[in-house]
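Listed below are the residues making up each chain.
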Amino acid sequence: MLFNSYAFLFGFLPVVLLAYFAAARHGAAWASAVLATASLMFYGWWDVRYLPLLLASIGVNYACSLRIHGAAGRRRQAWLALAVGANLALLGWYKYANFFARTVTELAGWPAAPLDIALPVGISFFTFTQIAFLVDSARGHVRERRFMHYLLFVTYFPHLVAGPVLHHREMMPQFADPANLAPRAVNFAVGTSIFVIGLAKKVLLADSLAPHANALFDAPGEASLLVAWGGVLAYTFQLYFDFSGYSDMAIGLARLFGVRLPLNFDSPYRATSIAEFWRRWHMTLSRFLRDYLYVPLGGNRHGPLRRHVNLMATMVLGGLWHGAGWTFLLWGALHGGYLIVNHAWRAACARLGWGDGGRAGRCAGWLLTFGAVCVAWVFFRAPHVPAALGIVHALAGGDGVALPAALGARLGALRPLLESAGVTWYLGGTTRFVATWCWVAVAAVVALALPNTQRIMRRWEPALDARLGTPGWLEWQPAPRHAVACGMLALLAVLSLNQPSDFLYFQF
């Protein structure tokens, strides 16, 4: 079931809210049972065939957590290794079996024999959530013996299929808090406003950018410089508004039940270094990779060389987590390389006493970071490596600079100047070209210049560990003008829901 569907907005969500608060009058255990049941229905609505897989994963991990709690020393570590290994094997089968089978048959020259294994929606997220729980159990950070609470923690429908990736210790105290068992007007007002902002990001911006990104990536060919950059920037902003919109909707939905989810985005495209970008983009996944992969590998504790190896390994594995393919591996390797260069540059600046270069240095850092992220997104989105390399070649101007001929006919005296600079003209595609750059400009203003959701909602604790910043001109208040603005935004978004589209991160 999609958050951006009529069935969810006007059927599932109102019924679940009524049932939850009615059950909560009889105690927290009843409320948790209703919410967990509703979450399983939410997952089964998508494809009921994978509901037994989800329940089996939860049952096995819960049993393993009890074994881990009851053991000590090497036996505890053995149970942890067994449980984590089982999770990785499950993820590996569904996510990578097709990829490895295809690679082996291609290398060996055997006839292609696809395994045709469908990827269960949300498997990466509920598997990572449970691995984090098992590791925290072995470390003694959590002790959960109530199966219903564990079931709710994993399946809680606002985050189940695409995150944020949660920690048990963040969530369970909130589910058990008596203050959250009664409907509160402030939670409904704040949660609905955050949800509407996220819905508008998805429906009005991401879905409008999608056709312009698809036009390039579905048929890359030999795109000229501006056509290539238009398509890549359209995808860059589509991905941001699609996923940050989903995260906002998840945070808003959870707030309706009085629960605060962790923040997942903090205007990442405003970052002035690649390290800062990863502190702002998909923050809960970055936290997971740091705490459960980079640090156990040794982190930065064994010198610069080992640190760089650990960084590269973490990012490559993070890339493979997003998808089984060479393009995702290259995307992760690119970011690993970016981070290594970033750390080397910072170390050199510290030795030479250069500081951050002031405003000019920060502007240069932003431009370089944003450009590097855009180039990496080409590998993330392209159907295969040759297509990605072709688009990167076009981004560098290798296929020349061309503009629609209809546009050139309106440029007057500017046209000869452009032609003398090497610009050529092509027939057709004027509407697509102009629309692409108009949508890119709108998206850039919203992403780079307007306050983000947490700044808008800063007075109302919008998320766990939200970085509230200074007051802004678009700050939300429980006032009539803000209610009208939010209502109009909701109306525009709902009127655009005639063909709800999937979220990009559902496929990961």
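Residues numbered from 1 in each chain as written. Predicted model: local features only at pLDDT ≥ 70, side-chain atom pairs only at ≥ 80, totals over all residues. Heavy atoms only, no water.

*Asks:* I'd like to hear about the overall build of the protein, residue by residue, with values.
*Replies:* The helix and strand inventory of the protein stands at 20 helices and two strands. Across the 508 residues of the protein, 52% fall into the buried class. By sequence separation, contacts in the protein at least 24 residues apart represent 73% of the contacts at least 6 residues apart. Of the accessible surface of the protein, which amounts to about 22800 Å², a share of 67% is contributed by carbon and sulfur atoms. Here the protein contributes 39 positive and 22 negative side-chain charges, whose respective centroids are spaced 9 Å apart. (Helix = DSSP H or I, 4+ residues; strand = E, 2+ residues; numbered from the N terminus. Buried < 20%, exposed > 50% of the residue type's maximum accessible area, 1.4 Å probe, protein only. Contact = heavy atoms within 4.5 Å. Areas by Shrake-Rupley, 256 points an atom, 1.4 Å probe, with all protein chains shown as cover. Lys, Arg positive; Asp, Glu negative; His and termini not counted. Charge placed at Lys NZ, Arg CZ, Asp CG, Glu CD.)

*Asks:* Before we move on, could you go through unusual backbone geometry and cite the residues and values that matter?
*Replies:* The phi dihedral of Ser267 falls on the positive side, at around 45°, and the residue is not glycine. With respect to the helices and strands, Ser267 occurs in the loop between helix H9 (225–256) and helix H10 (274–280). The phi angle at His282 is positive, at roughly 40°, despite the residue not being glycine. Tracing the sequence through the fold places His282 in the loop between H10 and helix H11 (283–297). Judged by its relative accessible area of 1%, His282 is buried.

*Asks:* Can you break down the confidence of the model for the protein residue by residue, with the values?
*Replies:* For the protein, per-residue confidence averages 88 on the pLDDT scale, and residues scoring 70 or more make up 96% of the total. When mean pLDDT is compared element by element in the protein, helix H18 (residues 430–448) scores highest at 95, while helix H7 (residues 168–176) scores lowest at 82. (pLDDT = per-residue confidence, 0-100.)

*Asks:* Describe the packing of aromatic side chains, naming the residues involved and giving the relevant values.
*Replies:* On inspection of all chains with the given rule, the structure shows 51 aromatic pairs. Between Trp366 and Phe370 the ring centres are 5.4 Å apart and the planes differ by 5°, which places this aromatic pair in the stacked class. Of this pair, Trp366 and Phe370 both sit in helix H14 (residues 358–381), four residues apart, roughly one helical turn. By relative accessible area, which is 26% here, Trp366 ends up partly exposed. (Phe/Tyr/Trp six-rings, centres within 6.5 Å; stacked < 30°, edge-to-face > 60°.)

*Asks:* Help me get a handle on helix H20 (residues 480–495), residues and values and all.
*Replies:* For H20, with 16 residues, the first-to-last C-alpha span of 22 Å sits near the 22 Å given by 1.5 Å per residue. Those residues of H20 lying buried are His482, Cys486 and Ala493. With its buried residues spanning 30° around the axis, H20 presents them on a single face. Exposed side chains of H20 directed beyond 90 degrees from the buried face belong to Pro480, Arg481, Val484, Met488, Leu491, Leu492 and Leu495. Residues of H20 that are buried make contact with helix H8 (185–217). (Expected span 1.5 Å × (residues − 1). Arc of directions from axis to C-beta.)

*Asks:* Break down the pattern of salt bridges for me, citing the residues and quoting the values.
*Replies:* Here the structure, examined in full by the defined rule, presents 14 salt bridges. When the shortest N-O distance is used, the salt bridge between Lys202 and Asp242 registers 2.7 Å. Of the two residues, Lys202 is situated in helix H8 and Asp242 in helix H9; the sequence distance between them amounts to 40 residues. Here the two residues Lys202 and Asp242 agree in accessibility, since each one is buried. With a closest N to O distance of 2.5 Å, Arg459 and Glu475 form a salt bridge. Of the two residues, Arg459 sits in the loop between helix H19 (453–456) and H20 while Glu475 sits in the loop between H19 and H20, which places them 16 residues apart along the sequence. On the basis of relative accessibility, which here comes to 53%, the residue Arg459 falls in the exposed class. Linked through salt bridges whose partners overlap, the residues forming this network are Lys202, Asp207 and Asp242. (Salt bridge = Lys/Arg side-chain N within 4 Å of Asp/Glu carboxyl O.)

*Asks:* Go over a nonpolar patch on the surface, please, and point to the residues and values.
*Replies:* Taken together, the side chains of Trp345, Leu352 and Trp354 define a hydrophobic patch exposed on the protein surface, amounting to about 390 Å² of accessible area. Mapped onto the fold, Trp345 is located in helix H13 (residues 326–352). (Patch = residues over 30% accessible without salt bridge, like charges linked within 9 Å, V, L, I, M, F, W, Y side chains within 5 Å.)

*Asks:* Describe the packing of H8 against H18, naming the residues involved and giving the relevant values.
*Replies:* One can describe the packing of H8 onto H18 by two numbers: an axis separation of 10 Å at closest approach and a directional angle of 140°. On the basis of the axis angle, H8 is oblique to H18. In this structure, the crossing between H8 and H18 has a hand that is left-handed. Along the contact surface, H8 presents Leu204, Leu205, Ser208, Leu209, Pro211, His212 and Ala215, while H18 presents Arg432, Ala435, Thr436, Trp439, Val440, Val442, Ala443 and Val446. When the residues that make up the contact of H8 with H18 are grouped by side-chain class, the tally is 11 nonpolar, three polar and one charged. (Axes fitted to C-alpha atoms, helices over the stretch in contact; angles between N-to-C directions. Parallel < 35°, antiparallel > 145°, perpendicular 65-115°, else oblique. Left-handed = near helix turned anticlockwise from the far one by under 90°. Nonpolar A, V, L, I, M, F, W, Y, C, P; charged D, E, K, R; others polar.)

*Asks:* Break down the side chain of His322 for me, with residues and values.
*Replies:* Inspection of the secondary structure puts His322 in helix H12 (residues 304–322). Residue His322 is classed as buried on the basis of its relative accessible area, which comes to 2%. At 2.8 Å, the side chain of His322 forms a polar contact with the backbone oxygen of Gly318. (Polar contact = N/O pair within 3.5 Å; in protein donor to acceptor, adjacent residues only side chain to side chain.)

*Asks:* Mind laying out H13, listing which residues take part and the relevant values?
*Replies:* Between its first and last C-alpha atoms H13 spans 39 Å; for 27 residues at 1.5 Å apiece the expected length is 39 Å, and the two agree. Looking one or two places after H13, you find Gly353, whose phi comes out positive at around 70°.

*Asks:* Give a description of the state of the cysteines that names residues and reports values.
*Replies:* Considering all chains together, one arrives at zero disulfides under this definition. In this model Cys349 remains outside any disulfide bridge; the closest cysteine sulfur is found in Cys363, 16 Å from its own. Residue class for Cys349 comes out buried when judged on its relative accessible area of 9%. (Disulfide = S-S within 2.5 Å.)

*Asks:* So, the environment of Ala132: which residues are in play, and what are the values?
*Replies:* Topologically, Ala132 is positioned in helix H5 (residues 123–138). Its relative accessible area of 1% is what places Ala132 among the buried residues. Sequence separation between Ala132 and Gly198 is 66 residues; the distance between their C-alpha atoms is 27 Å. Ignoring anything within four residues of it in the chain, the contact list for Ala132 reads His167, Phe288 and Tyr292.

*Asks:* So what's going on with the nonpolar core? Residues and values would help.
*Replies:* A general tendency of soluble globular proteins is for nonpolar side chains to be buried together. Judged by nonpolar contacts, the single largest core of 143 residues is most densely connected at Phe8, Tyr156, Phe157, Phe237 and Trp377. Here this core gets 17 residues from one element, more than from any other, and that element is H9. When residues no more than four places from it in sequence are discounted, the contact partners of Phe157 are Phe3, Phe8, Phe12, Leu13, Val16, Leu35, Ser39, Phe42, Leu253 and Phe257. (Core = buried A, V, L, I, M, F, W, Y, C linked by side-chain atoms within 4.5 Å.)

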